[in-house]
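Structure assessment
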Amino acid sequence: MAIFYLNGKKMIRTTGVKIKQQGYTARQLENLARQQADKIEALARGDAMLDKQIDALRAASEAAGSGVRIPSAHDYFIAFKPEGGHQNISNAKRAHNLFLTHLGADSAKRLDRITRDMCQRFIDDQSKTMSAGTVKKFRAHLSCVFNTAIRDGLLTRSPWAGVKLPKADTVHHEPFTREQIRTLFTKLPPLWQDMVKFCIYSGGQRLGDVATMKWSCIDLQNGIIRFSSNKTGLKIENPILPPLLNRLKEIKAAAGEREEYVFPHMAYTYKTGRGHLSTEFTTLLKSLRMYRQTDPPEGGRKRKGVLTSFHSLRSFMVSSLNNIGIPSRLVKAIVGHADNSDVEGEYYYHASLSEKTLAFQSFDKWLMADTEEACPWLNRPDYRKQA
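My aim in this report is to walk through the structure given alongside it, one point at a time.

The rules behind the values
Residues numbered from 1 in each chain as written. Predicted model: local features only at pLDDT ≥ 70, side-chain atom pairs only at ≥ 80, totals over all residues. Heavy atoms only, no water. Core = buried A, V, L, I, M, F, W, Y, C linked by side-chain atoms within 4.5 Å. Buried < 20%, exposed > 50% of the residue type's maximum accessible area, 1.4 Å probe, protein only. Helix = DSSP H or I, 4+ residues; strand = E, 2+ residues; numbered from the N terminus. Contact = heavy atoms within 4.5 Å. Axes fitted to C-alpha atoms, helices over the stretch in contact; angles between N-to-C directions. Parallel < 35°, antiparallel > 145°, perpendicular 65-115°, else oblique. Nonpolar A, V, L, I, M, F, W, Y, C, P; charged D, E, K, R; others polar. Left-handed = near helix turned anticlockwise from the far one by under 90°.

Remarks on the nonpolar core
- Ranked by size, the top nonpolar core spans 54 residues in total, and within it Trp 192, Ile 200 and Ile 218 carry the most contacts.
- Element by element, the count of residues in this core is highest for helix 8 (residues 190-201), at seven residues.
- What Trp 192 contacts, discounting residues up to four positions off in sequence, is Leu 207, Met 266, Leu 277, Glu 280, Phe 281, Leu 284 and Phe 310.
- In this structure, Leu 100, Met 130, Val 145 and Ala 149 belong to the second largest nonpolar core, which totals 26 residues.

Some points on the packing of helix 13 (residues 311-323) against helix 16 (residues 353-368)
- One way to put it is that helix 13 packs onto helix 16 with a least axis distance of 10 Å and a crossing angle of 100 degrees. With respect to each other, helix 13 and helix 16 are oriented roughly perpendicular. The residues of helix 16 that touch helix 13, namely those facing Phe 316, Met 317, Ser 320 and Leu 321, are Ala 359, Phe 360, Phe 363, Trp 366 and Leu 367.
- Of the residues that constitute the contact of helix 13 with helix 16, the class distribution is eight nonpolar, one polar and no charged.

Here's the deal with the packing of helix 13 against helix 14 (residues 328-335)
- In contact at an axis separation of 10 Å, helix 13 and helix 14 are set at 155 degrees when each is read in the N-to-C sense. Compared by their axis directions, helix 13 and helix 14 come out roughly antiparallel. Considering only the axes of helix 13 and helix 14, their crossing is right-handed. Across from Arg 314, Val 318, Leu 321 and Asn 322 in helix 13, the residues of helix 14 making contact are Ser 328, Val 331, Ile 334 and Val 335.
- The residue inventory of the contact of helix 13 with helix 14, partitioned by class, reads five nonpolar, two polar and one charged.

Set out below in structure tokens:
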């Protein structure tokens with residue numbers, strides 16, 4: 001422990017040095033703990049002279065063979081062995097190399113001389129050309145290196161603590177058109193046809209919710225689906241119209257009573273991570289010439305923004321329900337989109353199944369119609385006032 005007084009207040013800090021550590025004698029660990037304690041006090045006081053004295057003591061200790069030598073940032077990163085799968089190791093090495101290149105001559109400094117400002121500048125520079133998600137992964141890989149150094153007894157804290165990440169890139173998913181939805185219903189492989197139809201007729205639910213949907217959430221006798229969103233935890237209850245209900249009965253009959261998931265293959269792929277359903281769906285969209293992206297910044301390395309994906313089905317439901325005149329509060333209840341700013345809608349409005357059923361029926365009639373005819377919903381004066 002590092003114990004000292006600062007402005008009359010007793011300060012207690014841990015040095016992070018273990019009492020027993022393989023490869024070190026008790027004397028070496030004692031000297032290291034003392035050095036770390038002095039370093040902590042120096043940093044707390046902002047005492048540059050004391051900091052230099054600690055460096056001198058450390059150098060003398062290392063020369064006498066009683067201290068722990070702190071390697072340069074370059075040497076430690078080169079010796080560091082990332083763990084995990086092939087892709088994770090590849091991404092980690094890429095982050096390491098970019099960071100060392102960014103440091104330049106500073107990479108020759110001792111590892112404990114790498115500051116938070118250096119790390120922040122690296123993040124800021126990378127954010128100019130790379131997506132926020134990629135930069136976030138870089139920070140995770142680099143933080144892992146310094147956290148390992150802390151466990152090795154080389155550092156007391158990571159310079160990555162407090163480093164700010166860029167704001168997440170805004171992703172706008174374009175809704176599909178009515179004609180495109182019809183195409184997806186008929187041109188996709190059978191399993192994906194069922195996935196898309198389930199998504200649409202359950203209220204535009206997210207890919208993870210559809211893929212992992214359980215039979216226990218579906219009341220086939222009464223035509224009702226009840227589940228909690230994996231992302232938000234919001235409880236959703238929607239009616240099931242005949243176009244989906246009839247197909248679910250067929251799937252259930254073929255699956256048997258012991259099957260837990262509606263789409264067992266999709267659930268296994270999603271939950272185990274042994275495949276990427278979103279990537280698979282993107283490939284199918286490309287084959288149907290329905291995939292769109294935004295152009296990346298000129299001269300940058302940011303990925304193209306995705307405009308169409310499985311989430312575009314959700315966007316389609318929201319825009320379609322609104323366009324045919326369904327009140328916005330009812331649309332939120334159907335889709336499962338909570339808006340905390342809408343206090344009345346969030347806490348006082350509870351859509352009934354009969355209201356949702358009428359909304360779904362209106363949507364289904366519009367979806368299958370050949371013209372943009374007026375929806376029966378719009379002829380109801382009680383709801384026209386709420387729209």
